[in-house]
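# Tertiary structure, described
The residues making up each chain are set out below.
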Amino acid sequence: DVKVTQSSRYLVKRTGEKVFLECVQDMDHENMFWYRQDPGLGLRLIYFSYDVKMKEKGDIPEGYSVSREKKERFSLILESASTNQTSMYLCASSLWRGPGEQFFGPGTRLTVL
Amino acid sequence: AQTVTQSQPEMSVQEAETVTLSCTYDTSESDYYLFWYKQPPSRQMILVIRQEAYKQQNATENRFSVNFQKAAKSFSLKISDSQLGDAAMYFCAYRRNTGNQFYFGTGTSLTVIP
């Protein structure tokens, strides 16, 4: 079974703090994704990566950056957290070939005070 | 741009009955994939069913089946013999064959009434 894990299930941070969310997958997937999930808005893509050190902006990259130094690990960074970044963050991974269905981590619920 | 629309924010169904969740999408591509994902309360998102656009036959996975109407760009999910464990948020998603990005709908919250 594909396993995607995220570093924290719940996180509380202060405005202005630098926040790191980490995601690890164990199935040698090329693609990795970061989404934020908000009620009524569904899943919105922040960034994705199709290879080590490669990244592409999604629909809402502002205020976020990412890092992929190893194939299995994809980090989301909030350089200076703001209250409007309070959300559920989901990581996913997929193969680049075939249907490429995404496998999701359990999510991190981030609260910025 | 690809968009995925789920017009039913909430649905409910009696246990053991059948329910259909709607999804429409907009694309100019001819080769793509469609997915339904399930997200139970406070639990991980999992794949329910997948449909390849080049296949005319509707996909089926046990109690879950789809009605794929390519010309109408419609992809509905039918859940038969609904169970309490089917209560969840359901997301429809699209991916074109030559891209990595998924496009998700806004979700339908399904309640199963005992």
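For the structure itself, look to the data block above.
All values derive from a computational prediction rather than experimental measurement.

### Re the environment of Tyr89 of chain A
All names here are of chain A.
- With respect to the secondary-structure elements, Tyr89 resides in strand β9 (residues 87-94).
- Accessibility expressed as a relative area gives 0% for Tyr89, which makes it buried.
- Once residues lying within four places of it in the same chain are set aside, the contact partners of Tyr89 are Gln6, Leu21, Trp34, Tyr35, Arg36, Ile46, Tyr64, Leu76, Leu78, Gly107, Thr108 and Leu110.
- Polar side-chain contacts of Tyr89 include one of 2.7 Å to the side chain of Tyr64.

### Describing the state of the cysteines
- According to the stated counting rule, one finds 2 disulfides over all chains in the structure shown.
- Between Cys23 of chain A and Cys91 of chain A runs a disulfide, and the two sulfur atoms are separated by 1.8 Å. Looking down the S-S bond of the Cys23 of chain A and Cys91 of chain A bridge, the torsion is -80 degrees, so its handedness is left-handed. Here the residue Cys23 of chain A occupies a position in strand β3 (residues 19-25), and Cys91 of chain A occupies one in strand β9, the gap between them amounting to 68 residues.
- Disulfide pairing is shown between Cys23 of chain B and Cys92 of chain B; the S-S distance is 2.0 Å. Handedness here is read from the sign of the S-S torsion; for Cys23 of chain B and Cys92 of chain B, about -70 degrees, the answer is left-handed. One end of the pair, Cys23 of chain B, is in the loop between β3 (19-21) and β4 (24-26); the other, Cys92 of chain B, is in strand β10 (residues 88-96), with 69 residues separating them in the sequence.
- What makes Cys23 of chain B buried here is its relative accessible area of 1%.

### Notes on the interface of chain A and chain B
- Listed as interface residues are 24 residues of chain A and, on the opposing side, 19 residues of chain B.
- A buried area of about 1,700 Å², summed over both sides, lies between chain A and chain B, and 52% of it is on carbon and sulfur atoms.
- Taken together, chain A and chain B are joined by 1 salt bridge.
- The shortest N-O distance in the salt bridge between Arg50 of chain B and Glu101 of chain A comes to 2.9 Å.
- Counting across the interface, chain A meets chain B through 6 residue pairs in polar contact (both at pLDDT 80 or more).
- By residue number, the principal contributor to the side of chain A that touches chain B is strand β5 (residues 42-51) of chain A, which donates 5 residues.
- Of the residues assigned to the side of chain A that touches chain B, the class counts are 13 nonpolar, 8 polar and 3 charged.

### Looking at the pairing of strand β6 (residues 46-52) of chain B
Residue and element names in this part refer to chain B.
- Sheet topology places strand β5 (residues 32-39) next to β6; 6 bridges connect them, and they run antiparallel. Within β6, the residue paired with Phe35 across the bridge is Arg50.
- Between β5 and β6, which pair antiparallel one after the other, the connecting turn spans 6 residues, and Ser42 there sits at a positive phi close to 60 degrees.

### Describing the layout of surface pockets
- Approximately 460 Å³ is the volume attributed to the largest pocket.
- Of all elements in the fold, only β4 (31-38) and β9 of chain A together with β10 and β12 (108-113) of chain B reach the threshold of two or more residues within the lining of the largest pocket.
- When the residues that make up the lining of the largest pocket are grouped by side-chain class, the tally is 13 nonpolar, 10 polar and 4 charged.

### Points about the side chain of Ser76 of chain B
- Within the fold, Ser76 of chain B resides in strand β9 (residues 74-79).
- Leaving out residues up to four positions away in the same chain, Ser76 of chain B has contacts with Thr20, Leu21, Ser22, Cys23, Trp36, Ser65, Val66 and Asn67 of chain B.

### Quick look at the pattern of salt bridges
- Following the criterion strictly, the structure yields 11 salt bridges over all chains and no others.
- Across the salt bridge formed by Arg44 of chain A and Asp38 of chain A, the nearest N and O atoms sit 2.8 Å from each other.
- Given the relative accessible area of 25%, Arg44 of chain A is considered partly exposed.
- In this structure, Asp26 of chain B and Lys73 of chain B form a salt bridge, with 4.0 Å as the shortest nitrogen-oxygen distance. A residue pair is termed long-range when its members are at least 10 positions apart, and Asp26 of chain B in strand β4 and Lys73 of chain B in the loop between β8 (64-69) and β9 qualify at 47 residues.
- Three or more residues are tied together by salt bridges with common partners; here these are Glu101 of chain A together with Arg50, Glu52 and Lys55 of chain B.

What counts and what doesn't
- Residues numbered from 1 in each chain as written.
- Chains lettered and ligands numbered in written order.
- Predicted model: local features only at pLDDT ≥ 70, side-chain atom pairs only at ≥ 80, totals over all residues.
- Heavy atoms only, no water.
- Helix = DSSP H or I, 4+ residues; strand = E, 2+ residues; numbered from the N terminus.
- Buried < 20%, exposed > 50% of the residue type's maximum accessible area, 1.4 Å probe, protein only.
- Contact = heavy atoms within 4.5 Å.
- Polar contact = N/O pair within 3.5 Å; in protein donor to acceptor, adjacent residues only side chain to side chain.
- Disulfide = S-S within 2.5 Å.
- Buried area = accessible area lost by both parts, 1.4 Å probe.
- Salt bridge = Lys/Arg side-chain N within 4 Å of Asp/Glu carboxyl O.
- Nonpolar A, V, L, I, M, F, W, Y, C, P; charged D, E, K, R; others polar.
- Pairing = 2+ DSSP bridges.
- 1 Å grid on protein atoms, 1.4 Å probe; cavity = no way out; pocket = protein on both sides within 12 Å on 5 of 7 lines; lining within 4 Å.
- Points joined across faces, edges and corners; volume = space filled by probe spheres on them.

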